[in-house]
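Structure at a glance
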Protein chains: 2
Amino acid sequence: MRDLSNDHDWLSINTATVRQQADFVGIVEACAQRGIRAVSPWRDQVAHVGLERAVRAVRDAGLKLSGYCRGGMFTSDSAHRPDMIDDNRRAIDEAAALGAPCLVLVVGGLPQYSRPGSQPSKDIRAAHAQVTDALAELLPYAQNAGMPLAVEPLHPMYAADRACVNTLRQALDICDALDPGRTGSIGVAIDTYHVWWDSDVWKQIARVGRDRLLAFHVCDWLVPTKDMLLDRGMMGDGVIDIPAYRREVEAQGYNGFIEVELLSNDWWSRPLGDVLDTVIARYKTVV
Amino acid sequence: MRDLSNDHDWLSINTATVRQQADFVGIVEACAQRGIRAVSPWRDQVAHVGLERAVRAVRDAGLKLSGYCRGGMFTSDSAHRPDMIDDNRRAIDEAAALGAPCLVLVVGGLPQYSRPGSQPSKDIRAAHAQVTDALAELLPYAQNAGMPLAVEPLHPMYAADRACVNTLRQALDICDALDPGRTGSIGVAIDTYHVWWDSDVWKQIARVGRDRLLAFHVCDWLVPTKDMLLDRGMMGDGVIDIPAYRREVEAQGYNGFIEVELLSNDWWSRPLGDVLDTVIARYKTVV
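A brief structural summary. (Residues numbered from 1 in each chain as written. Chains lettered and ligands numbered in written order. Predicted model: local features only at pLDDT ≥ 70, side-chain atom pairs only at ≥ 80, totals over all residues. Heavy atoms only, no water.)

Each pair of packed helices gets described by two things: the angle between the helix axes and the distance between those axes. All names here are of chain B. At a minimum axis separation of 11 Å, helix H6 (residues 124–145) and helix H7 (residues 168–178) run at an interaxial angle of 45°. With respect to H7, the element H6 is oriented oblique. Considering how the two elements wind past one another, H6 and H7 form a crossing that is right-handed. Listed contacts from H7 to His128, Val131, Thr132, Leu135, Ala136 and Leu139 of H6 are Gln170, Ile174 and Leu178. (Axes fitted to C-alpha atoms, helices over the stretch in contact; angles between N-to-C directions. Helix = DSSP H or I, 4+ residues; strand = E, 2+ residues; numbered from the N terminus. Parallel < 35°, antiparallel > 145°, perpendicular 65-115°, else oblique. Left-handed = near helix turned anticlockwise from the far one by under 90°. Contact = heavy atoms within 4.5 Å.)

The structure is reproduced here in structure tokens:
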């Protein structure tokens, strides 16, 4: 396991972490000022400043990317399917323009939440099938663009409205089905927040392999969690033994960025510099 | 699959569903008045009126039980372990006195939440091991009392503070380890609220078998869920295709009570009779 205590060379900031404090360009500059070497942008934050401006900001600051957030929302009724595919192709193109190493995918839950306006459904098994079908359709386009697709299993509390892929086992089963030859064109993003609870996760991390380990995200689980979406904890403030998961991930050969992604009303209410300084301090001590 | 539309012969009310509206005796009487044939009492509600009074109320009303809630909270530091074992033995004895068919177990999360005062820990793997160890220790006592132990996998959002057994697969692995001969002394309680999201659940229900299917609970998942503990939905108000799960459970040979367990600030604020009448109507139409 890498020693993170001496510097923050492998820290990446997911831009959602400070989305309320600055626009994308401001976030990039604040990160660069602190010697943070990478970011993972969200699409809406990039769109807000314009893709070209975002590309220039990243290049001018000398930053790398650890991912691009996010494609997905694959579940829809048939009327919304063409838009869904187009939308994901655009996400792939943007990720390529920005030089991202992967496109992170939040796969969608039931159609009415994934693509609003879709016919309501309670058929979670149909949603599972739609995710695999959409990935199969998009994979050649992503391969052409040289953009690996990172399926991110989300915590099961998001199954209805955000993602019906909820365990690492399930994500890897999809990878096995679509890319049995392990070309590296589809893999997983592992976030401690989403997988920490799973007694099966240790066996599944061992199953991932370096070629499918496209991103590693960290934050903490607070007790109590006051909001299901916007109350993620700063590393060290919750109950996740983050180094235990990092140890297993790095034992698979992962030596890339450790991306901090906090969606938190609490941390969004604090000054940008304070949040980044706290992230750096916690990265060195409790990640 | 059974036709539930003509009567409510197989409906059971978990007494937590109306815990704010009446005491245990009042709940039993209100159920009996409506021809509800079974209840599943909570320990604190029984303790409030006294065990003997509770036993008499159930007998006088001619009710059956579909379970007794709850034993468990197995995770603790070593100082709290003797109390934990004693507490669970008492729960087994109470369940036997009440004539319950099983003791439902919420196994506990991290020790500091399961048995307050315990040394804080972030070691979820140690918690998993403690659950299995405690079950192994209690099983002979339960067998002696003729009281089957029903491990209830809880939704993963409760892993830290309520139960670190979060999938049916995990619960069945524990049953396999402790009772390879399938004596029926340990099994599972399946609640749609806790397992509906799991893409693996269909395969796992098929694995349960009649002998380990000790209880079947229903309620619905609301979008959005406003409170992680107290915002369960009345059947039909959420996104769970409840009959799809019941079909698979009954395909295993299950023909027992269907227990409605709602923990909901919303439904707790309504009159007792209205809640029970709504439960009966929904049981007949959307369960």
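Okay, the pairing of strand E7 (residues 186–191) of chain B next. Residue and element names in this part refer to chain B. Of all six residues making up E7, six are buried, and the element is well covered by its neighbours. Note: strand E6 (residues 149–151) against E7, three bridges, orientation parallel. If you follow valine 151 over to E7, its bridge partner there is valine 188. Remark: the E6/H7/E7 crossover connection has right-handed handedness. (Buried < 20%, exposed > 50% of the residue type's maximum accessible area, 1.4 Å probe, protein only. Pairing = 2+ DSSP bridges. Right-handed = clockwise from strand over helix to strand, strands pointing away.)

Let us now look at the sheet that holds strand E4 (residues 68–72) of chain B. Within a beta sheet, neighbouring strands are joined by backbone hydrogen bonds and run either parallel or antiparallel to one another. All names here are of chain B. One open sheet accounts for nine strands, arranged E3-E2-E1-E9-E8-E7-E6-E5-E4; its pairing is parallel. Of all strands in the sheet, those bounded by a partner on one side alone are strand E3 (64–65) and E4. Bridge analysis of strand E1 (residues 11–14) against strand E2 (residues 38–40) gives three bridges, and the strand direction is parallel. Note on E2: the bridge partner recorded for isoleucine 13 is valine 39.

Moving on to the interface of chain A and chain B. With 32 residues of chain A in contact, the opposing surface of chain B contributes 32 residues. Surface buried jointly by chain A and chain B totals about 2800 Å² across both partners, of which 66% is contributed by carbon and sulfur atoms. Looking only at chain A, the three residues that lose the most surface to chain B are Lys122(A), Arg125(A) and Trp197(A), adding up to 22% of its buried area. Across the contact surface, chain A and chain B share zero salt bridges. Inspection of the region where chain A meets chain B yields four residue pairs in polar contact (both at pLDDT 80 or more). Contributions of two or more residues to the side of chain A that touches chain B are made by helix H6 (124–144), helix H7 (168–178) and helix H10 (242–251) of chain A. No other element matches H6(A), which puts three residues into the side of chain A that touches chain B. Within the side of chain A that touches chain B, the residues separate by chemical class into 17 nonpolar, nine polar and six charged. (Buried area = accessible area lost by both parts, 1.4 Å probe. Salt bridge = Lys/Arg side-chain N within 4 Å of Asp/Glu carboxyl O. Polar contact = N/O pair within 3.5 Å; in protein donor to acceptor, adjacent residues only side chain to side chain. Nonpolar A, V, L, I, M, F, W, Y, C, P; charged D, E, K, R; others polar.)

Here the focus is the packing of aromatic side chains. Under the criterion given, the structure shown has eleven aromatic pairs over all chains. Relative to Trp221(A), the ring of Trp196(A) has its centre 6.2 Å away and its plane inclined at 40°; by these criteria the two rings are tilted. Residue Trp196(A) is located in the loop between helix H8 (192–195) and helix H9 (201–208), and its partner Trp221(A) is located in the loop between strand E8 (213–218) and H10; the two are separated by 25 residues in the primary sequence. Neither Trp196(A) nor Trp221(A) differs from the other in exposure class; each is buried. Residues Phe216(B) and Tyr254(B) carry aromatic rings whose centres are separated by 6.5 Å and whose planes lie at 70° to one another, so their mutual orientation is edge-to-face. Of the two residues, Phe216(B) sits in strand E8 (residues 213–218) while Tyr254(B) sits in the loop between helix H10 (242–251) and strand E9 (258–260), which places them 38 residues apart along the sequence. Here Tyr254(B) falls in the buried class, since its relative accessible area comes to 7%. Here a set of aromatic residues connected by ring pairs shows up, and it is made of Tyr193(A), Trp196(A) and Trp221(A). Positioned above the aromatic ring of Trp10(A), the side-chain terminus of Arg37(A) is 5.1 Å from the ring centre. Here Arg125(B) stacks its cationic end above the ring of Trp202(A), 3.5 Å away from the centre of that ring. (Phe/Tyr/Trp six-rings, centres within 6.5 Å; stacked < 30°, edge-to-face > 60°. Lys NZ or Arg CZ within 6 Å of the ring centre and 35° of its normal.)

Residue and element names in this part refer to chain A. Relative to the helices and strands, threonine 75 is located in the loop between strand E4 (68–72) and helix H4 (81–98). Within polar-contact distance, the side chain of threonine 75 engages the backbone oxygen of glycine 109 at 2.7 Å. Leaving out residues up to four positions away in the same chain, threonine 75 has contacts with Val107, Gly108, Gly109, Leu110, Pro111, Ser114, Arg115, Ala127, Gln130 and Val131.

Geometric values such as these leave the question of function open.
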